[in-house]
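# Breakdown of the fold
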Amino acid sequence: MATLQTIRSKGPLLVVVIGLALFAFIAGDAWKVLQPHQGKQDVGEVNGKTLTAQEYQKMVDEYTEVIKLTQGVSALNDDQLTQVKDQVWQSYVNNQLIAAEAAKLGLTVSKAEVQAIIDEGTNPLLMQTPFRNPQTGTFDKDMLKKFLVDYAHLDASKMPAQYVEYYQKMGAFWSFIEKTLIQSALAEKYQNLISKSLISNPVAAEDAFASRADQSDVLLAAIPYSSISDSTITVSSSEIKDLYNKKKATFEQPVETRNIKYIDVLVTPSDEDRKEVLNEVTEYATQLATAADMSTFIRSTGSVVPFSEVAISKTVYPNDIVARLDSVSINEVYGPYYNQADDSYNAFKVVAKQTAPDSIQYRQIQVYAEDAAKTATLADSIFTALKGGADFAEVAKIYGQTGESTWLTSRNYEGAALDAENAKYINTLINSGVKELNNLQIGQANVILQVLDKKAMKDKYKVAVIKRPVEFSKETYNKAYNDFSQFVAQNTTMDKIVENAEENGYRLLERADFRSAEHRVGGVKGTREALKWIFAAKEGEVSPLYECGENDHLMVVALEKINPAGYRNINLVADMLKAEIIKDKKAEKLMAEMKGASSIDQAKGMANAVSDTVKHITFAAPAYVSVTRASEPALSAYASKAEANKLTGPIKGNAGVYLIQVYNKEKSAEEFNAKTEAENLSNMAGRYASSFINDLYKKADVKDDRYLYF
């Protein structure tokens, strides 16, 4: 299983690489969302092509398995699954957009091209697979080839179930990598085609260099817009309408959104609930001193920290336990005490402390026969042969295994929920001497283990922890539910909810431009039913009461406004447009006043004027003016073209109107290199080209209806 271990050690990086390169994949797990009799349901559409809920679920299942494999976890939590679903959807959309354009242009990725990528071995995806040379760390195509040959000739009837599962997982993993390579190569071809059309030239290269190298030092005087009160500026509705029409393209809204008002009630424990938890932990702390079966006892207390039969690093325990651990003796019970950080009552007992290795190198042979008796007999025979001097690797080969060594580190098991057999396996490795052989019965099989090396000896602890977060009781929840239910029943319109929420002790929340792709209403888990209601309701309607969160939230929603896809209504952007018009009118007024200034000193003497000296202004970067606390690109442009010692302006800026006088011009020490500049421009063109996906998205009429089913 060394290959699986290698994948897990590179898990986070591999997931990032796959996430960036991922464009599509086809999976093969059972449909889990809708029953067959419900018929075909579509979760989305791209360029007229629909994606069914079944197809989408299969994609989610496959990518979930990849992440579980790479991270060495058995399941993903809610947040992780949500992230997976979004990434799968975005990958599917991107793939469909690129595939459609590639088909028009005749772009494809052949088997020979994929093989060339594998032969070259430098693709980031390949570099993160387990098929790497252990000496150099580089991708090894021969290791991959050997695995694929072995996988193709896999005979499940002649191998232990664990090895069959291993090969099947690795086969699915490589299939995923290969498909991702194809899709990312096609995307790269398309992007290269676009970026190569944006060709740099010598003139552009010289201009780009000059925009960085030519520097100006300036004196400036400015009158900030804030010196004029907004109330003195009149803006008519026709002016707002004219600016709206001028900038209408910037107000395009690609998807339909909703403006909502809602009340989210978080149910919290009462004083009686807190007393009850403290009393229980106090009683458990007394029993902790004499408990015989610690695992069973800790489980019975409802502690959120399971007991580990394997001694682990103290840093794995909660911080409040760690802070007290070294002040407690073996077999001493500490507590009960309250921990504010996680709102819990706690007690713990230090069961044991030992010095143990953080890393163990070992090898093994798994033994499995027709029944338990034959398995035990065969294991004894192999164990005896090895103790008699037989070569470990050669014996392993006889039973279809490599017998190769691997490293087990504490991060592979510390903090994980270990059953009795896993704990027995790990404790055997920890407590065995180097070169010592052990014959373990694990489940229906036997495992012959030999420890080869141990490193990083550290203090490890077995601690029985009772950690009970304070939770509300059923009675507390029922009271909160009944009170809120009565409020909802008495306030059936949005106006009444707005009017009476505060009076009844509820906080009214608002959210504009809420999108279905956000998954959660108000960031609360388990609000899919509320989400579905929001996008089916009519303006002014009030929802039923929803129980959500982790059974600790109550919610009611009122739909204030539907914002259809297309151009945003002028009323929704009127305030922003008005602010821009006010600024423009202030600029006109100030520019007229400052035109009469013939010098910087005269401008400094004007009412409300401020002054500053700004050095090293270049065309390539916006100038920052500290006295107005603003970034001013216009000053960079004017300064680069202004004559030395000549008053320039007035200049309309972001924070005010400026007059500048360049008193020094110079070049930086950087030397012009035509090749470097051309490469920089090409890279910039590539970044511009990478935005093509947004343009394709706008034209593809993408529909995302996942919220109806997921």
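Preceding this section is the structure that the text describes.
Residues numbered from 1 in each chain as written. Predicted model: local features only at pLDDT ≥ 70, side-chain atom pairs only at ≥ 80, totals over all residues. Heavy atoms only, no water.

### Some details on the overall build of the protein
Helices and strands together make up the secondary structure of the protein, namely 24 helices and 20 strands. Compactness check: the protein gives a C-alpha radius of gyration of 34 Å against a globular reference of 27 Å for 710 residues, more than 25% above the reference. Referenced to the eigenvectors of the C-alpha coordinate spread, the extents of the protein come out at roughly 105 × 70 × 60 Å. When each of the 710 residues of the protein is scored for burial, the buried share is 42%. Sequence separation of 24 or more characterises 71% of the internal contacts of the protein that already satisfy a separation of 6 or more. Carbon and sulfur atoms form 49% of the exposed surface of the protein, whose accessible area is close to 37,800 Å². Charge-centre separation for the protein: the mean point of 80 positive side chains lies 3 Å from the mean point of 92 negative side chains. (Helix = DSSP H or I, 4+ residues; strand = E, 2+ residues; numbered from the N terminus. Rg over C-alpha atoms; globule rule 2.2 N^0.38 Å. Buried < 20%, exposed > 50% of the residue type's maximum accessible area, 1.4 Å probe, protein only. Contact = heavy atoms within 4.5 Å. Areas by Shrake-Rupley, 256 points an atom, 1.4 Å probe, with all protein chains shown as cover. Lys, Arg positive; Asp, Glu negative; His and termini not counted. Charge placed at Lys NZ, Arg CZ, Asp CG, Glu CD.)

### Some remarks on unusual backbone geometry
Backbone torsion omega between G335 and P336 reads 10 degrees, so that peptide bond is classified as cis. Position of P336 among the secondary structure elements: in strand β6 (residues 333-339). Positive phi, normally seen in glycine, also occurs at N331, with a value near 70 degrees. Summarising the element assignment, N331 is placed in the loop between α13 (319-325) and β6. Residues other than glycine seldom take positive phi values, yet D343 does so here, at roughly 50 degrees. Of note, D343 is situated in the loop between β6 and β7 (344-367).

### Some thoughts on the packing of helix α8 (residues 161-195) against helix α23 (residues 674-689)
Where α8 contacts α23, the axes come no closer than 9 Å and their chain directions differ by 120 degrees. When the axis of α8 is compared with that of α23, the two are oblique. As for the relative orientation of α8 and α23, their crossing is right-handed in sense. Between α8 and α23, the contacting residues are Q191, I194 and S195 on the first element and A685, G686 and A689 on the second. Its residues placed into classes, the contact of α8 with α23 shows 3 nonpolar, 3 polar and no charged. (Axes fitted to C-alpha atoms, helices over the stretch in contact; angles between N-to-C directions. Parallel < 35°, antiparallel > 145°, perpendicular 65-115°, else oblique. Left-handed = near helix turned anticlockwise from the far one by under 90°. Nonpolar A, V, L, I, M, F, W, Y, C, P; charged D, E, K, R; others polar.)

### Overview of the side chain of T257
As for its position among the elements, T257 is in strand β5 (residues 257-266). With relative accessibility at 1%, the residue T257 sits in the buried group. A polar contact is formed between the side chain of T257 and the side chain of Q253, at a distance of 3.5 Å. In contact with T257, not counting residues within four places along its chain, are D513, F514, R515, K561, I562 and N563. (Polar contact = N/O pair within 3.5 Å; in protein donor to acceptor, adjacent residues only side chain to side chain.)

Geometric values such as these leave the question of function open.
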